[in-house]
Amino acid sequence: MERQVTGELRLHGQSRTVPVHYRAERASGGAIRIEGSLQLDMRDFDIAPPSYLGLAVSPAVEVAVGLTVDGL
């Protein structure tokens, strides 16, 4: 099942509301596997994108998380 929720993300002393897309499924042995991702712009959290010698990282990044819950 794929879903979207809205949550509050706090980074670098800044809080923003962000949409989180996730998928949950039952894995072998009854465990639940959850994978989610969100996109953010580092500048929204007062984080300067890294740069060195004229090369810079894009301020838009995707954060992906995966976890397995067992024993429920």
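Scoring rules and cut-offs
Residues numbered from 1 in each chain as written. Predicted model: local features only at pLDDT ≥ 70, side-chain atom pairs only at ≥ 80, totals over all residues. Heavy atoms only, no water. Salt bridge = Lys/Arg side-chain N within 4 Å of Asp/Glu carboxyl O. Helix = DSSP H or I, 4+ residues; strand = E, 2+ residues; numbered from the N terminus. Buried < 20%, exposed > 50% of the residue type's maximum accessible area, 1.4 Å probe, protein only. Phe/Tyr/Trp six-rings, centres within 6.5 Å; stacked < 30°, edge-to-face > 60°. Lys NZ or Arg CZ within 6 Å of the ring centre and 35° of its normal. Patch = residues over 30% accessible without salt bridge, like charges linked within 9 Å, V, L, I, M, F, W, Y side chains within 5 Å. Areas by Shrake-Rupley, 256 points an atom, 1.4 Å probe, with all protein chains shown as cover.

> Would you mind showing me how to read the pattern of salt bridges here?
Here the idea is simple: oppositely charged side chains can pair when their charged atoms come close. Within this structure, the stated rule accounts for four salt bridges. A salt bridge links arginine 23 to glutamate 35; its shortest N-O distance comes to 2.9 Å. Taken together, the residues arginine 23 in strand S2 (residues 14-26) and glutamate 35 in strand S3 (residues 32-41) connect sequence positions twelve residues apart. Its relative accessible area of 34% is what places arginine 23 among the partly exposed residues.

> Please explain the packing of aromatic side chains as it appears in this structure.
Two aromatic rings, taken as a pair, are described by how far apart their centres are and by the angle between their planes. In this structure the tally under the stated criterion is zero aromatic pairs. Taking the ring centre of phenylalanine 45 as reference, the NZ or CZ of arginine 16 above it sits at 5.9 Å.

> Can you help me understand a nonpolar patch on the surface in this one?
Taken together, Val63, Val65 and Leu67 make up a surface patch of nonpolar side chains, about 220 Å² in accessible area. By relative accessible area, valine 63 is classed as partly exposed at 33%.

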